[in-house]
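Structural overview
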Amino acid sequence: MDGPRVYVERTLALIKPDAVYKSEEIEDIILKSGFIILQKRKLQLSPEQCSDFYADQYGKLFFPSLTAFMSSGPIIAITLARHNAIAHWKSILGPVNSTKARETHPGCLRAIYGTSDLKNALHGSESFHAAEREIKFMFQNSVIEPFSSKEATEEYLSRHVNPTLLNGLTELCKHKPNSPCIWLADWLINNNPNNPQICDGSFVEEAE
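None of these values were measured; they are calculated from a predicted model. (Residues numbered from 1 in each chain as written. Predicted model: local features only at pLDDT ≥ 70, side-chain atom pairs only at ≥ 80, totals over all residues. Heavy atoms only, no water.)

A word on the pattern of salt bridges. Evaluation of the coordinates by the stated rule reveals 5 salt bridges. For Lys-22, the salt bridge is made with Glu-25, and the minimal N-O distance between the two is 3.5 Å. Overall, the relative accessible area of 28% leaves Lys-22 in the partly exposed class. In this structure, Lys-32 and Asp-28 form a salt bridge, with 3.1 Å as the shortest nitrogen-oxygen distance. Residue Lys-32 and its partner Asp-28 are located together in helix H1 (residues 23–32), separated by 4 residues, close to a single helical turn. The exposure class of Lys-32 is exposed, given its relative accessible area of 69%. (Salt bridge = Lys/Arg side-chain N within 4 Å of Asp/Glu carboxyl O. Buried < 20%, exposed > 50% of the residue type's maximum accessible area, 1.4 Å probe, protein only. Helix = DSSP H or I, 4+ residues; strand = E, 2+ residues; numbered from the N terminus.)

Here it is as structure tokens:
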């Protein structure tokens, strides 16, 4: 389909081992915050996989504790989408340190579900490039593609879908078959404008 394409920003959310038991509650908050859940999986990472995921933190004092904690139990990885997804998810998460979060942002998710700087319940991508890398890490077959704009979608429907559908409904009214839904489905298959081999406008009426 030709036409302008727009990106709906995506980010990666991780429900960490200390908050997995609250996953349904957290997912409900995610949805109520205007996010779409595109992908979700529950998994347990090995220490080596955690080291690869947090490679940008390598060499910091907390790195061994971080990888040990993140590999201590199952996590839930979720690809989220919405306008300004990265910044919005980070604002809902709040400060990294859950203890400080309870003092400065008591309503944020890390203040509610986290217990310390390390065990802070949730992860969010820091940037667009981080989100792209992290989503592909957790969902290896992910391809981040643009969605069509509303205008392009409407133009495609107007040009390619509506005329064929209108012709089909007109023929349906003429023939008045016993099973209109099945008849229309067959008519659309046989008159698919994207399949010129069978798009000859002919159709054999069902037996009465």
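The subject of this paragraph is the side chain of Thr-11. Structurally, Thr-11 is set in strand S2 (residues 10–15). Apart from the residues lying within four places of it in its own chain, the contact partners of Thr-11 are Ile-78, Thr-79, Leu-80, Ala-85, Ile-86, Trp-89, Ser-125, Ala-131 and Ile-135. (Contact = heavy atoms within 4.5 Å.)

Bringing the confidence of the model for the protein into the picture now. Looking at the protein, pLDDT values average 85 and 83% of them are 70 or higher. Across residues 197–208, where pLDDT falls below 50, the model places 19 contacts with residues more than four positions away in sequence or in other chains. (pLDDT = per-residue confidence, 0-100.)

Here we come to a nonpolar patch on the surface. A cluster of nonpolar side chains, contributed by Tyr-156, Leu-157, Val-161, Leu-165 and Leu-169, occupies part of the molecular surface with about 340 Å² of accessible area. With respect to the helices and strands, the residue Val-161 is situated in helix H8 (residues 150–175). In this structure Val-161 comes out as partly exposed when scored by relative accessible area, which is 30%. (Patch = residues over 30% accessible without salt bridge, like charges linked within 9 Å, V, L, I, M, F, W, Y side chains within 5 Å. Areas by Shrake-Rupley, 256 points an atom, 1.4 Å probe, with all protein chains shown as cover.)

Another point: the nonpolar core. If you look at the biggest cluster of nonpolar residues, it comprises 18 residues, and the most contacted ones within it are Ile-15, Trp-89 and Leu-122. Contributions of two or more residues to this core are made by S2, H1, strand S4 (75–81), helix H4 (85–93) and helix H6 (109–113). Element by element, the count of residues in this core is highest for H4, at 4 residues. Residues Leu-12, Leu-43, Phe-63 and Ile-135 belong to the second largest nonpolar core, which totals 16 residues. (Core = buried A, V, L, I, M, F, W, Y, C linked by side-chain atoms within 4.5 Å.)

Another aspect to go through is the sheet that holds S2. Across a sheet, strands are paired by hydrogen bonds formed along the backbone, either parallel or antiparallel in direction. Judged by pairing direction, the sheet is antiparallel, and its 4 strands sit side by side in the order S3-S4-S2-S5 without closing on themselves. Only two strands of the sheet have a single neighbouring strand rather than two, namely strand S3 (36–43) and strand S5 (122–124). Strand-to-strand, the axes of this sheet are offset by a mean angle of 20°, without reference to chain direction. The pairing of S2 with S5 spans 3 bridges and is antiparallel. Residue pairing for S5: Ile-15 is matched across the bridge by Leu-122. (Pairing = 2+ DSSP bridges. Axes fitted to C-alpha atoms, helices over the stretch in contact; angles between N-to-C directions.)

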